[in-house]
Amino acid sequence: MTYLPMQTSRSLSLYVHIPFCASKCDYCDFTSFAVSPGAEDLFSAYFEALKKELLFWKNRYLNANDQLISLYIGGGTPSVVPFHYYKPFLEELFCIFKPPKEFTCEVNPAGLKAEFLEFLSQYGCTRISMGLQSPVDETMKRIARHQSVSQFIRAYSTVRTYFSNVNIDLICGLPESLQQWMVKSGDLVERLSPEHCSVYILELEKETPLGKKYRNGQIELPSFDYTYETFERFIWRLKEAGYQQYEISNFSLPGYESVHNHAYWHSNRYIGMGVAAGGFFNQIRYVNTPVLNDYLSAVFEDEKHYDSRIFNSQEENLKEFLFMGLRLKNGINVKTLQEKFPQIETNRICEILSSSNYMILSNSCLKFNDYFFIHNRPAFEYLLEILSSVH
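Rules behind the numbers
Sequence order as written defines residue numbering, which begins from 1 separately in each chain. The model is predicted, so local features are restricted to residues of pLDDT at least 70 and side-chain atom pairs to those at 80 or more, both for listing and for counting; the totals for chains, interfaces and linings are taken over all residues. Side-chain measures here rest on the full set of heavy atoms in the structure, leaving out hydrogens and waters. By definition, disulfides here are pairs of cysteine sulfur atoms that lie within 2.5 Å. Exposed residues in this analysis have more than 50% of their type's maximum accessible area, buried residues have under 20%, and partly exposed residues fall in between, with area computed by a 1.4 Å probe over protein chains only. For each structure, a 1 Å grid was placed over the protein atoms alone; sets of points admitting a 1.4 Å probe that cannot get out are labelled cavities, open sets with protein on both sides within 12 Å along at least five of seven lines are labelled pockets, and lining residues have an atom within 4 Å of a point. Grid points are joined across faces, edges and corners, and a volume is the space filled by probe spheres set on the points. Strands here are runs of E lasting at least two residues and helices are runs of H or I lasting at least four, both read from the DSSP assignment and numbered beginning at the N terminus. If DSSP finds at least two bridges between two strands, the strands pair. One fewer than the residue count of a helix, multiplied by 1.5 Å, yields its expected span. Throughout, the arc means that of the directions going from the helix axis to the C-beta atoms. N or O atoms within 3.5 Å of each other form a polar contact, as long as, within protein, one can give a hydrogen and the other can take it, and as long as residues adjacent in sequence are counted only when both atoms are side-chain atoms. Contacts are assigned to residue pairs that have any heavy atoms within 4.5 Å of one another. Geometry is summarised by axes, namely lines fitted to C-alpha atoms with helices restricted to the contacting stretch, and by angles between N-to-C directions that run from 0 to 180 degrees. An angle below 35 degrees is read as roughly parallel, one above 145 as roughly antiparallel, one from 65 to 115 as roughly perpendicular, and any other as oblique. Here a crossing is called left-handed whenever its near helix is offset anticlockwise from the far helix by less than a right angle, and right-handed whenever the offset is clockwise. By the convention adopted, Pro, Cys, Tyr, Trp, Phe, Met, Ile, Leu, Val and Ala count as nonpolar, Lys, Arg, Asp and Glu as charged, and the other residues, Gly among them, as polar.

Asks: Can you help me understand the state of the cysteines in this one?
Replies: In a disulfide, the sulfur atoms of two cysteines are held together by a covalent bond. Overall, the coordinates contain 0 disulfides when judged by the stated rule. With no disulfide of its own, Cys25 has Cys28 as its nearest cysteine by sulfur position, at a separation of 6.6 Å. Its relative accessible area of 10% is what places Cys25 among the buried residues.

Asks: Explain empty space enclosed by the protein to me, please; I cannot follow it from the model alone.
Replies: If a probe as big as a water molecule is rolled over the atoms, it shows which places are left empty. Tallied over the full model, the rule gives 1 cavity of 30 Å³ or more. Of the volumes computed, that of the largest cavity is approximately 50 Å³. If you go around the largest cavity, the residues you meet are Leu12, Leu14, Leu54, Trp57, Leu62, Phe97, Ile271 and Met273. Going through the elements one at a time, β1 (11–18), α1 (40–60) and β11 (270–273) are the ones with two or more residues in the lining of the largest cavity.

Asks: Can you help me understand the sheet that holds strand β17 (residues 365–368) in this one?
Replies: Hydrogen bonding along the main chain pairs the strands of a sheet, whether they run parallel or antiparallel. Taken in spatial order, the 3 strands of this open sheet run β15-β17-β16, and their pairing is antiparallel. Single-partner strands in this sheet number two, and they are β15 (332–333) and β16 (359–362). Direction of pairing for β16 relative to β17: antiparallel, over a ladder of 4 bridges. Following the sheet pairing, Ile360 is matched in β17 by Lys367.

Asks: Can you help me understand helix α8 (residues 224–240) in this one?
Replies: Each α-helix winds once per 3.6 residues, and so residues spaced three or four apart point in a common direction. If you check α8, its first and last C-alpha atoms are 25 Å apart, about what 17 residues at 1.5 Å a residue would give, namely 24 Å. Taken residue by residue, α8 has Thr227, Tyr228, Thr230, Phe231, Phe234, Ile235, Arg237 and Leu238 as its buried positions. Each buried residue of α8 lies within a common arc of 165° when the element is viewed along its axis, so the set occupies one face. Turned more than 90 degrees away from the buried face of α8 sit Asp225, Trp236 and Glu240, all of them exposed. Backbone geometry just downstream of α8 places Gly242 in the positive-phi region, at approximately 100°.

Asks: Just checking my understanding: could you explain the side chain of Asn167 for this structure?
Replies: In this structure, Asn167 sits in strand β7 (residues 166–172). Since its relative accessible area comes to 2%, Asn167 is described here as buried. Reaching out from Asn167, the side chain makes a polar contact with the side chain of His196 at a distance of 2.7 Å. Leave out the neighbours within four places in its chain, and Asn167 touches Arg127, Ile128, Ser129, Met130, His196, Cys197 and Ser198.

Asks: In this structure, what is going on with the packing of helix α5 (residues 149–162) against helix α6 (residues 178–192)? I would like to understand it.
Replies: Angle between the axes and distance between the axes are the two parameters that describe a pair of packed helices. Packing of α5 against α6 leaves a shortest axis separation of 12 Å and a crossing angle of 25°. Considering their axes alone, α5 and α6 lie roughly parallel with respect to each other. Along this stretch, α5 crosses α6, giving a crossing that reads as right-handed. Taking contact as the criterion, the partners of Val149, Phe152, Ile153, Tyr156 and Arg160 in α5 are, on α6, Leu188, Arg191 and Leu192. In terms of residue class, the contact of α5 with α6 is built from 6 nonpolar, no polar and 2 charged.

Asks: Whenever I open this one, the packing of helix α13 (residues 346–354) against helix α15 (residues 377–389) confuses me. Can you help?
Replies: In the contact formed by α13 and α15, the axes pass within 11 Å of each other and the chain directions differ by 145°. Crossing of α13 against α15: the hand is right-handed. Here Ile349, Ile352 and Leu353 of α13 come into contact with α15, specifically with Tyr382, Leu383, Ile386 and Leu387. Tallied by class, the residues present in the contact of α13 with α15 amount to 7 nonpolar, no polar and no charged.

Asks: I tried to follow α6 on my own but got confused; where do I start?
Replies: The end-to-end C-alpha distance of α6, which contains 15 residues, comes to 21 Å, matching closely the 21 Å that a straight helix rising 1.5 Å per residue would cover. Taken residue by residue, α6 has Leu178, Trp181, Met182, Ser185, Gly186, Leu188, Val189 and Leu192 as its buried positions. Across the axial projection of α6, the buried residues extend over an arc of 165°, all falling on one side. Downstream of α6 by a residue or two, Ser193 has a phi angle that is positive, lying close to 50°.

Rendered as structure tokens:
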């Protein structure tokens, strides 16, 4: 069981992006690259670059008082890379920091090997995140996700041999029967009892293969309203199974909220490493270059390896703090807001927002009401409008 650690000004989270996968799903808009089995040279170069980027942070920005509270290795498909490439990087990392209480790694059920999981468990990994997306084999074929439900269940069983904290990812709104998705997803969650579920509404990106197929009339997607209606009904299914919705897309059994994601939602410091990874550190928000060869050459030649780097103003920090914090079911503590932004009229902003149809003040916290916590797009649009007019 994980308990959220006390955050301090020296708390730090780390995200490591592994951009490789065996094949790319049609809905995916992340920076990732399909690799063949003979990609050892590329893996070697990439992990050398990660190690060098880690030393860049150590030598220029980190100090002895920094405390790593969470590590997240995501992708891509981290499990497509043989475990021995991770070893030097993790050893270097844990020479700088003590292993964090929460260390998550994403894995893909297809091709998942027990030796990879055993290595992770030996190197301090405490939590595994598995992508299911849909519990229907035909849907997975339709979105070019090369796995079956039976394969997922077998992989889940193997993961349980090594780990007692597992997350399952689901996507609502794929080209399939939402009623079938809801019933089968609920049945599978109840059967497997993962400690955590992340359930996302499909964000259809135009330039993905799925976006192009939809634009060309090759596939049909459920309507926006029906997708949200199904999502809302699925939330009740999860609640009946004992899961608490603590964030718009995240549900956990008691005591298993994601430590790492809380760093994002509370606008705490985090470093993103690897191609296209982003971070927020000492009021600087940055994103590394999304071009793999550019990232590798820049890191090896000690050149600028980020694509954008912006020093946030207080107004920008406030906007991000509100947008991220309002994703949480409990919302934002007003006293914390005032302490964090003493030079901004936060009382006036809270008064305006809480008098709207979208938000309420409850137990000294500003949060969305129950309806707009789920149907939140107009609420976030309203928030942006208010922040643009109030300084």
